[in-house]
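Structural overview for review
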Amino acid sequence: MAIENGKKVTFHYTLTVDDEVIQSSENQEPMAYTHGSGQIIPGLASQMEGMNEGEEKSIMVAAEDAYGKQDPAAFKELPKSSLPEGLNPEKEMMLQLHTSEGRAVPVRISEVKEDSIVIDLNHPLAGKDLKFDVKVLSVE
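For the structure given in this document, a descriptive report is provided here.

So, how was this worked out
Throughout, residues of each chain are indexed from 1 in the direction in which the sequence is written. Local features in this predicted model are restricted to residues whose pLDDT is 70 or higher, and side-chain atom pairs enter the listing and the counts only when it is 80 or higher, whereas totals over whole chains, interfaces and linings include all residues. Working from all heavy atoms in the structure, the side-chain values ignore hydrogens and water. Definition used for salt bridges: Asp or Glu carboxyl oxygen within 4 Å of a side-chain nitrogen of Lys or Arg. Summary of the burial criterion: residues with accessible area below 20% of their type's maximum are buried, those above 50% are exposed, and those between are partly exposed, where the area comes from a 1.4 Å probe applied to protein chains only. What is meant by a nonpolar core is a set of buried Ala, Val, Leu, Ile, Met, Phe, Trp, Tyr and Cys residues, joined one to another through side-chain atoms within 4.5 Å. Runs of E in the DSSP output that reach at least two residues are strands. Runs of H or I that reach at least four are helices, and both are numbered from the N terminus. Contacts are residue-level and defined by heavy atoms, with any inter-residue pair within 4.5 Å sufficient. Strands qualify as paired when DSSP identifies two bridges or more between them. Under this scheme, a helix contributes an axis fitted over its contacting stretch, all axes are lines through C-alpha atoms, and angles between N-to-C directions fall in the 0 to 180 degree range. This count recognises Lys and Arg as positive and Asp and Glu as negative, with His and chain-terminal groups excluded. The rule is short: rings of Phe, Tyr and Trp, with Trp giving its six-membered ring, pair when the centres are within 6.5 Å, and they are stacked under 30 degrees, edge-to-face over 60, tilted in between.

1. Concerning the pattern of salt bridges
- This model, assessed by the stated rule, comprises five salt bridges.
- For the salt bridge of Lys-131 with Asp-133, the shortest nitrogen-to-oxygen distance reads 3.5 Å.
- On the basis of relative accessible area, Lys-131 is assigned to the partly exposed category, the value being 30%.
- Within the structure, one salt-bridge network assembled from shared partners comprises Glu-92, Arg-108 and Asp-120.

2. A short note on the nonpolar core
- Counting residues in each nonpolar core, the largest one holds 22 residues, and the members touching the most others are Leu-44, Met-48, Leu-130 and Phe-132.
- Mapped onto this core, the elements with two or more residues apiece are strand E1 (8–17), helix H1 (42–48), strand E4 (56–61) and strand E9 (130–139).
- With residues up to four places along the chain from it excluded, the contact list for Leu-44 reads Phe-11, Ile-59, Val-61, Phe-132 and Val-134.
- Leu-83, Val-107, Ile-109 and Ile-119 belong to the second-largest nonpolar core, a separate cluster that totals six residues.

3. Thoughts on the sheet that holds strand E5 (residues 75–79)
- Spatially, the four strands line up as an open sheet ordered E5-E8-E7-E6, and their pairing is antiparallel. Both outer strands of the open sheet, E5 and strand E6 (94–98), are each paired with one neighbouring strand and no more. Strand-to-strand, the axes of this sheet are offset by a mean angle of 45°, without reference to chain direction.
- Alignment of E5 against strand E8 (residues 116–120), held across five bridges, turns out to be antiparallel. By the bridge assignment, Lys-76 is partnered in E8 with Ile-119.

4. Quick word on the side chain of Lys-7
- Tracing the backbone shows Lys-7 in the segment before E1.
- Although Lys-7 is buried, it makes no salt bridge; Glu-4 carries the closest opposite charge, 4.3 Å away.

5. Quick notes on the packing of aromatic side chains
- Using the criterion set out here, one finds three aromatic pairs in the structure.
- Summarising the aromatic geometry, the rings of Phe-11 and Tyr-13 are spaced 6.0 Å apart at their centres and angled 50° between planes, so their arrangement reads as tilted. Each of the two residues, Phe-11 as well as Tyr-13, counts as buried.
- Each ring, one from Phe-11 and one from Tyr-33, has its centre 5.8 Å from the other, and the planes form 85°; the classification is edge-to-face. With Phe-11 in strand E1 and Tyr-33 in strand E3 (residues 31–34), this pair connects stretches of sequence that are 22 residues apart. Here Phe-11 matches Tyr-33 in class, with each residue buried.

6. Things to note about unusual backbone geometry
- For Asp-18, which is not glycine, the phi dihedral falls at a positive 50°.
- Mapped onto the elements, Asp-18 comes out in the loop between E1 and strand E2 (20–24).
- Look at Asp-18 and you get exposed, because its relative accessible area is 59%.
- Phi is positive for Glu-92, which is not a glycine, with a value near 80°.
- Within the secondary structure layout, Glu-92 lies in the loop between E5 and E6.
- Its relative accessible area of 46% is what places Glu-92 among the partly exposed residues.

Take a look at the structure:
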């Protein structure tokens, strides 16, 4: 049975970015989703369509079809005084900001200045091309 809209799909994957393995479901629970429901990134879903149970494939997903390009407007400068007491900010350090709804959002420090920091609110994989090695386990 081939992957098409409405089918429940389970698969294992290994995600590689810039020749570095970022994430893998091997030795863990496989990923499960309903095809066409928007539960996985569009570029991966479109290239998995038509695959069959047991099939393996390397899939390249351009940044535009994954987490998008980096948005220059998503860089914000904050005063160091707004940071928790005792925190020594460093470039590339990850922090968690909380939205007005109380949701935690990961952000990266892109620059440390004398009295402020510049944070990057883009998704950590924005602007990156992704390589997925997938193995379809089931299509129902």
